Amino acid sequence: MAGSQLKQLKEALRSKGLVGQTNVKKKSKTSKRTPSETRRNDKEQVINDIRGQFNQFDQKLNRMKRDVTVIQGGKFVKFGSQQHNDATRTKSNVQKNMKMQYDLEKGKHGKTGGVLDRRFGEANKHLTAEEKMLERFTRERQSQSKKRGLYSLESDDENDDDDGFTLTHGGKALSLDVEDDVIEDNSLSTTKYIDEDQVEDDDQPQRKKSKKEVMKEIMAKSKFYKQQRQQEFQKTQDNIEDLDEEFGDIMQEMANIEQPKRPQFSTKTDEEKEYDTKVRELTYDRRSVPADRTKTEEEVKTEHQEKMKKLEADRLKRMSGMEIEDDRNAVGDDLDDEFWAGSDDNEEDGFAIKESEGEEEVSEGEGEEEQILGRPKRTIQPQIIIPGSHEEFLKSLATIDSNRHPAYVNKIIEIYRPNLAAGNKDKMNVFVGVLFEHILYLANQDKDASTQTLIEKLTVIIKKLAQLYNEVLVENIRLEINNIQDRILNNDGLLLKRDYVFFIIIGYLFSTSDHYHLIVTPVLILMTESITTLIYKKDASLQHINQGIFIADMLLNYQRFSKRYIPEVVNFVEKALLLLIPEPRLLQSSSTQLVSTYNVISTDLNLSKTFKPTVEQIGEDGIVLSIDELFNNSGDQFKFKVIIKLIQIMDKSISLWKDKSNLIEITQSNNLILKHLLKYYSSQLRQIPSLITKFTKLSNILTKERRPLTLQHHRAIPIATYAPKFEENFNPDKKSYDSNIERQEVGKMKSQLKKERKAAIKDIRQESRFVANEQIEEKKQMYDKYHKKMAHIVNTIATTEGAEKNEYEREKKLRKSKK
Amino acid sequence: MAVVKRKADSKSPKGKKVTKRQDTSKESNDKLLTIDSIQKYGNEVIDSSKYNNLVILLEQYQFLNDKLVNSKDVEIEKLGRQLSLTLFKSFQHLLKNDKLILKKHFEDNSKLIIKWLLNKYDSFKDIIFNLIEIKLSSHFQSIQLDLLEISLNLIKLESKYLKSSSNDLYFPITTYSKLINSLLLTQSGEILTDGSNNSFIVLEFLKFFTTNWDLQFYFFNNLSETLQEWKSSKDTNELRLVFSNFFTIIRNPLLYTNDFTPEDLSTWIESKLPSIAYKPSTFKSQYQKSILLILSYPLLTSQYKSILLILHKRIIPNMAQPQNIMDFLTDCYNINDDLIIPILTLNSLYELIKKYNLEYPEFYTKLYSLLTPELLYTHYRSRFFRLCDLFLSSTHLSANLVASFIKKLARLSMASTASGNVIVIPFTYNLLKRHPTCMIMLHNTEVANSDKEYKDPFNNNEKDPLKTNAIESSLWELEVLMSHYHPNIATLAKIFGEPFRKHSYNLEDFLDWSYISLLDNEKTRRYKTTVALEFEEFSNLFEIGKQDDSSNDEITNVYAKGWTL
């Protein structure tokens, strides 16, 4: 293309057939088409194309020697690329738009809002004030004279009941007469406002209501009712307040009124009184209820068996250390029932407290029992006071024969059942502690024929109470544990008789097979501590050994079900035997087979080899020792008894742990000592040979069975790998690989929000900057204008002055020349 | 007396008076002087140089001696204290006035007097030391304490006034070593259970001893010779007493450390010490000599224990050649009838091995022999296991050896205390972790799956840990511990049946348990739910006596079988 821009433009327009003469061919082609919407669009596009051709810089890539990257529209853009150019163009477009917007707003500035004067002719500048007034007056008159419209649907007769009712439109009455005026008015007023709803409403009142209307109505109604309710409420509130204020006065009034005097003594006769009491009592009488069917013996049996099974299962669970769900309350209730039933039985033994001080003559026997059971409230008299401490208890027991102590205790428990009166529970809590203390106290007293049975009976009672008063009992026992530990540490390791009984009672009361038990575990530690102090005591006495055999036996008792292994017992039994047997030095040669020591020494406790014990009759269950005996005996004969007991314990322990794999070594060591004993007392200890064969057999079986351990039978542990994680559908544009769709969405939304916010802020800034620039520009222009104007004025003045001056000069010359 | 007379002649003006006094003193030979008269005599010595009064005063001690041992009279105590004080003041006066030092330029006469005075001074000191040495009745301990202080003050004075020239550095070695001898021989205290002595004099002396370098340095000076002499002349009990006193004095840390500057240390005497006292090498060799000698004494077991307890920390660093103590340690280590002594020896042995490159033949065999049933019951088990862990920490030890230790410990755990078991389990775990070859003792599928006859090949009698065949055995004993009566130990033992994921157990957490701490642990537990009760019913708590037995045959269920009240 050649020529100037203008020529080129003309050429281009012509070639497209947009302007001037077009060549024939093309004309024929175009003329075939009728002008249409599409064609017009075509035209616009064509013009745009031509415009584009002439603005080459918008499209051209500005190649540079090196690539320069700029940030444009939040993206890295290569300078001079298509993108860059586009972005630049859009930017200029934006600028243009902003300019337009700004101009528009500037134009509007100070021209919107304000009050509109709707009065007739106010805005019309062509009317004079008089004309306006005149026009207004005529209108007023017209509206007053024509009361009824032409299209009024009212009857023709003159009764004017619809006074003031007119159809309106736009707040103005509708009538033919004023139609012209309305039109004129419309042309005059710049804005008009018509309430469509109102208009329609008025137009056609019968019309079916729209939803909006219905809703409006409902809202209005509800508002109305609400207000009504509020008013009512306010009213009642006020009333109440008034009443409250006056209450004091009323009370005062009432106090002043005198009451009619009542007779001081009941006028009722004895008969009436008796009748009243009978009636009252009747209310407490048990109503007849259909009794539960008596269960058959079999049913009772199966029930019992099931209960036992459940208890057994619980015990096994506890043994393996699993926590069982706490459904023991039911069990507790069961026990409770049994307990009370049991106590009734005891009552029938015919025990009654001497109540000779009381007014009533109390007869022994069933009659009284029934009375107690039937109406316990009446019999709770202070004859039996629940003891608050052990001293009190002892005092109250002092007057009672020792055979009747258990019954007395039962009586107390019966009377102070926690469901009979408030506070009984606390009293009983104290009493359980007292009772426990009392048993131990009894054990510590000198031996008496009846003590043993008494302790037994009281222990049975404690056992029954143990479920209900569990926590108190546990607290008491824990205190006792502390006491015993003090004794072990400070009393040369020697315990008292009460501690022995304590150990028995613990085993009797609590489930000693548990993996962990709040009471049994510490007691076990205590007992093993006690034997351990004996084992390696330098100056152990026979007393120590005696204590040890008892505790060792009890420890085995504790483990009779769970069969846990107690190393200290094994050690103790052997060590104690070594301390007692004659000539232990002879065992030194094979001492490495012993479990307790490699270094056998003889002490003065050892029996002499010349001592010949007299043989005692030993029952099938073995020798029976009494706890009392353990404390005072020290002779050789007694030592021999202890040896027999030790062998018995040894036997017991081996049978208990017969499936432990380390038993081979223990039996080996035990056999060694037994054989040594056999040398001296083959005639006195007949059970030894059978024991030896038993142990040897056991050991042989175990030796055959024992195989090397294979404890590590778990799945192979994989080696931890730390290989990098591979993303299969990796995409650099992808922002997140989160599999959770919801979270992904949230993330997306968040980032979008952030982006939008940034963009908005940016826009606002850009706009305000633009506005500021524009304002500065405007001000500059204004100042320029002013200066120019001023300069112009000065100039004109100067020129006129100059002209005048010239005129003057000329005039002067003229005059001169005239002269 | 001859000297006295001559002196009396030479000093005629005062001589008469002196003789007079002598007469009076002869009269009062039988009875003791009063406090006032003692004071008077003392004042006369100081004010008017009546030196013969010293003789009278010194004689008093002879009368006092018997009474001091037996009587309880308060007067005698006062008297004794006054007497000592007066004499001290007199001699202090003499010392300050240079009356007790011989110099060449003195005249013969004055030399004679000085010699005489010196003689008296020496006898005074001898009396003091004698009194310190013997056991007085408990009421006169104050006198002994006074005497100790006097003798220490005399040392101070001597160092100041008895030196040959003013520039000399002098420490009265003979006086001090005499004092030390009497302190070591003192019978005022008794040997305590920990092998030390409760003598109040020794304890009082300690107050001065611990803070003053000169007292410490000269304590060991020439002590070895005396100790040697005593060793041959005295009997066992006396030697033990000497040791107990010695031990009481030296058991506290000395002022000597490896990087000390003796010049900065405080001293008892006021002037500087002779340069020899500042040579660490001299001190070390002196120290070593006396220590070695005293350790060769026949000691009590408790004394062995207590000296071994401090040996590696307090004593070995102070010795010139610690290797020389090796013989003593070996002897201790080989004591068989008490397990604790060898255990305590281990610490010092380790110190020697580590720092002084000592070679101990068959160390592990000896260590292995310490594993006896008593070990887990001793108080010192934590000390042993701490060291044993150290000795077995090398991964280059033979698996046989480690296996023997593991197996033996397992054996011991079969009859050990709960606290012993608490140590054995993690200890074994750590060993197994360190020596995975020994895992075969826990997991041996080869033999277990074969039908062959299997007999435990472990030889418990074998002394050499390399030859016990423990590696072919298995740890059944530890398996049994899984059913230990203490729930925590049972749970702990179960780690052997689980994968060995834990890197190692921190042994310190397990070493110091005792029954008391185990029980304390239980006491803090709170009551939560109903404590489980025994549901089994027993007809009786105790065995019923025989008379009942005959009438009623069906005693079925007795809780405490074989026991009656």
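Above: the structure in question.
Here the residue index of a chain counts from 1 through its sequence in written order. Ligands are numbered from 1 and chains lettered from A, in the order in which they are written. Residues qualify for local features only when their pLDDT is at least 70, as the model is predicted, and side-chain atom pairs are given and counted only at 80 or more; totals for whole chains, interfaces and linings, by contrast, use all residues. Processing note: side-chain calculations cover all non-hydrogen atoms of the structure and skip hydrogens and water entirely.

Participant: Let's hear about the overall build of chain B: which residues, and what values?
Facilitator: When you go through chain B residue by residue, the secondary structure sums to 26 helices and 3 strands. Relative accessibility decides the category of a residue: with a 1.4 Å probe and only protein chains considered, values under 20% of the type maximum give buried, values over 50% give exposed, and everything between is partly exposed. The buried share among the 565 residues of chain B stands at 54%. Summarising the internal contacts of chain B: among those between residues at least 6 apart in sequence, 74% fall at separations of at least 24. In the structure as shown, chain B presents an accessible area of about 25700 Å², 48% of it carried by carbon and sulfur atoms. By the criteria applied, helices consist of DSSP H or I runs no shorter than four residues and strands consist of E runs no shorter than two, each listed in order from the N terminus. Any two residues having at least one pair of non-hydrogen atoms within 4.5 Å are treated as being in contact. Here the open area of atoms and residues is found with the Shrake-Rupley method and a 1.4 Å probe, where only the protein chains shown may cover a residue.

Participant: I'd like a description of a nonpolar patch on the surface, backed by residues and values.
Facilitator: Residue and element names in this part refer to chain A. Within this analysis, patches are made of residues with over 30% relative accessible area and no salt bridge. Like charges are joined at 9 Å or less; nonpolar side chains (Val, Leu, Ile, Met, Phe, Trp, Tyr) at 5 Å or less. Note on definitions: salt bridges are taken to be side-chain nitrogens of Lys or Arg within 4 Å of carboxyl oxygens of Asp or Glu. The grouping of Phe 247, Ile 250, Met 251, Met 254 and Ile 257 at the surface amounts to a nonpolar patch, some 510 Å² of accessible area in total. Secondary-structure assignment places Met 254 in helix α9 (residues 211-256). Given a relative accessible area of 48%, Met 254 falls into the partly exposed group.

Participant: So what about the interface of chain B and chain A? Which residues, and what values?
Facilitator: Taken together, the 85 residues of chain B in the interface contact 92 residues of chain A. In total, chain B and chain A occlude about 8200 Å² of area from one another, counting both sides; carbon and sulfur atoms represent 61% of this. Looking only at chain B, the three residues that lose the most surface to chain A are Tyr485(B), Trp563(B) and Leu565(B), adding up to 12% of its buried area. Put simply, chain B and chain A have 2 salt bridges between them. Here the quantity called buried area is the total loss of accessible area, with a 1.4 Å probe, experienced by two parts when brought into contact, counted for both.

Participant: Give a description of the packing of helix α23 (residues 567-580) of chain A against helix α26 (residues 663-681) of chain A that names residues and reports values.
Facilitator: Residues and elements named next belong to chain A. Orientation is described by axes fitted as lines to C-alpha atoms, over the contacting stretch for helices, and by angles from 0 to 180 degrees between their N-to-C directions. At their nearest, the axes of α23 and α26 sit 11 Å apart, and the two run at 20° to each other. Accordingly, the angle class assigned to the pair α23 and α26 is roughly parallel. The handedness of the crossing between α23 and α26 is left-handed. For the pair α23 and α26, contact is made by Val 570, Glu 574, Leu 577 and Leu 578 and by Ile 666, Ser 669, Asn 670, Ile 673 and Leu 677, respectively. By the convention adopted, Pro, Cys, Tyr, Trp, Phe, Met, Ile, Leu, Val and Ala count as nonpolar, Lys, Arg, Asp and Glu as charged, and the other residues, Gly among them, as polar. A breakdown of the residues in the contact of α23 with α26 according to their chemical character gives 6 nonpolar, 2 polar and 1 charged. The labels follow the angle: roughly parallel below 35 degrees, roughly antiparallel above 145, roughly perpendicular from 65 to 115, and oblique for the rest. Crossing handedness follows the turn of the near helix against the far one: under a right angle anticlockwise gives a left-handed crossing, and clockwise gives a right-handed one.

Participant: Describe the packing of aromatic side chains, with residues and values.
Facilitator: Residues and elements named next belong to chain A. Two rings belonging to Phe, Tyr or Trp (six-membered ring only in the last case) form a pair when the distance between their centres is within 6.5 Å. Interplanar angles under 30 degrees mark stacking, angles over 60 mark edge-to-face geometry, and anything in between is tilted. Counted according to the given criterion, the structure contains 32 aromatic pairs over all chains. Ring centres of Tyr 500 and Phe 631 lie 5.3 Å apart, and the angle between their planes is 45°; this geometry places the pair in the tilted category. Highlighted residues: Tyr 500 in helix α20 (residues 497-509) and Phe 631 in helix α24 (residues 627-632), separated in sequence by 131 residues. Taking relative accessible area as the criterion, Tyr 500 reaches 1% and is therefore assigned buried. Overall, Phe 631 belongs to the partly exposed group, its relative accessible area being 22%.

Participant: Break down the nonpolar core for me, citing the residues and quoting the values.
Facilitator: It is characteristic of soluble globular proteins that their nonpolar side chains tend to be buried jointly. Among buried residues, those of type Ala, Val, Leu, Ile, Met, Phe, Trp, Tyr and Cys that are joined through side-chain atoms within 4.5 Å constitute a nonpolar core. Of all hydrophobic cores here, the largest spans 300 residues; its most connected members are Phe503(A), Tyr176(B), Phe219(B) and Phe496(B). Residue contacts for Tyr176(B): discarding those within four places in its chain leaves Ile155(B), Phe171(B), Phe205(B), Phe209(B), Leu215(B), Gln216(B), Tyr218(B) and Phe219(B).

Participant: So what about the environment of Leu183(B)? Which residues, and what values?
Facilitator: Residues and elements named next belong to chain B. Structurally, Leu 183 is set in helix α8 (residues 173-185). When its relative accessible area of 0% is taken as the criterion, Leu 183 is described as buried. In this structure, the C-alpha to C-alpha distance between Leu 183 and Glu 133, residues 50 residues apart in sequence, is 6.4 Å. Those residues in contact with Leu 183 that sit more than four places away from it in its chain are Ile 132, Leu 148, Ile 201, Val 202, Phe 205 and Asn 245.

Participant: Tell me about the pattern of salt bridges, and name the residues and values.
Facilitator: Where charged atoms from two side chains of opposite charge approach closely, those side chains can pair. Residue and element names in this part refer to chain B. Under the definition given, this model contains 32 salt bridges over all chains. With its nearest N and O atoms 2.9 Å apart, the salt bridge here joins Glu 508 to Arg 386. Placement of the pair is Glu 508 in helix α24 (residues 508-511) and Arg 386 in helix α18 (residues 381-391), with a sequence separation of 122 residues. Judged by its relative accessible area of 36%, Arg 386 is partly exposed. Note that Asp 464 is salt-bridged to Lys 467, the shortest N-O span being 3.6 Å.

Participant: Explain the packing of helix α17 (residues 424-444) of chain A against helix α18 (residues 451-466) of chain A residue by residue, including any values.
Facilitator: All names here are of chain A. Direction vectors running N to C along α17 and α18 enclose 155°, while the axes themselves pass 10 Å from each other. Taken as axis vectors, α17 and α18 run roughly antiparallel relative to one another. The two elements α17 and α18 cross, and the hand of that crossing is left-handed. On α18, the residues that touch Met 428, Val 432, Leu 435, Phe 436, His 438, Ile 439, Leu 442 and Ala 443 of α17 are Thr 451, Leu 454, Ile 455, Leu 458, Thr 459, Ile 461, Ile 462 and Leu 465. Counted by class, the contact of α17 with α18 contains 13 nonpolar, 3 polar and no charged residues.

Participant: Hey, could you go over the side chain of Lys366(B) for me, with residue numbers and the actual values?
Facilitator: Residue and element names in this part refer to chain B. Here Lys 366 is to be found in helix α17 (residues 363-369). Neither His nor the chain ends contribute to the count of charged residues, in which Lys and Arg are positive and Asp and Glu negative. No salt bridge is formed by the buried Lys 366, whose closest oppositely charged neighbour, Glu 362, lies at an N-O distance of 9.8 Å. N or O atoms closer than or at 3.5 Å make up a polar contact, with two conditions inside protein: a donor-capable atom paired with an acceptor-capable one, and, for residues adjacent in sequence, both atoms drawn from side chains. For Lys 366, the side chain forms a polar contact with the main-chain oxygen of Tyr 333, separated by 3.0 Å. In this structure Lys 366 touches Tyr 333, Asn 334, Asn 336 and Tyr 360, once residues within four positions along its chain are discounted.

Participant: Describe the side chain of His676(A), and please don't skip the residues or the numbers.
Facilitator: Note on placement: His676(A) falls in helix α26. If we ignore the near neighbours within four places in the chain, the residues touching His676(A) are Ile581(A), Pro582(A), Glu583(A), Pro584(A), Leu586(A) and Leu587(A).

Participant: Report on unusual backbone geometry, specifying residues and quantitative values.
Facilitator: For Glu583(A), which is not glycine, the phi dihedral falls at a positive 50°. Mapped onto the elements of the fold, Glu583(A) is located in the loop between α23 and β5 (625-626). You can call Glu583(A) partly exposed: its relative accessible area is 28%. Positive phi is not limited to glycine here, since Glu362(B) has a value of about 50°.

Participant: Please give an account of the environment of Pro274(B) that cites residues and values.
Facilitator: As for its position among the elements, Pro274(B) is in the loop between α12 (236-250) and α13 (280-295). Along the primary structure Pro274(B) and Asp168(B) are separated by 106 residues, whereas in three dimensions their C-alpha atoms are 8.4 Å apart.

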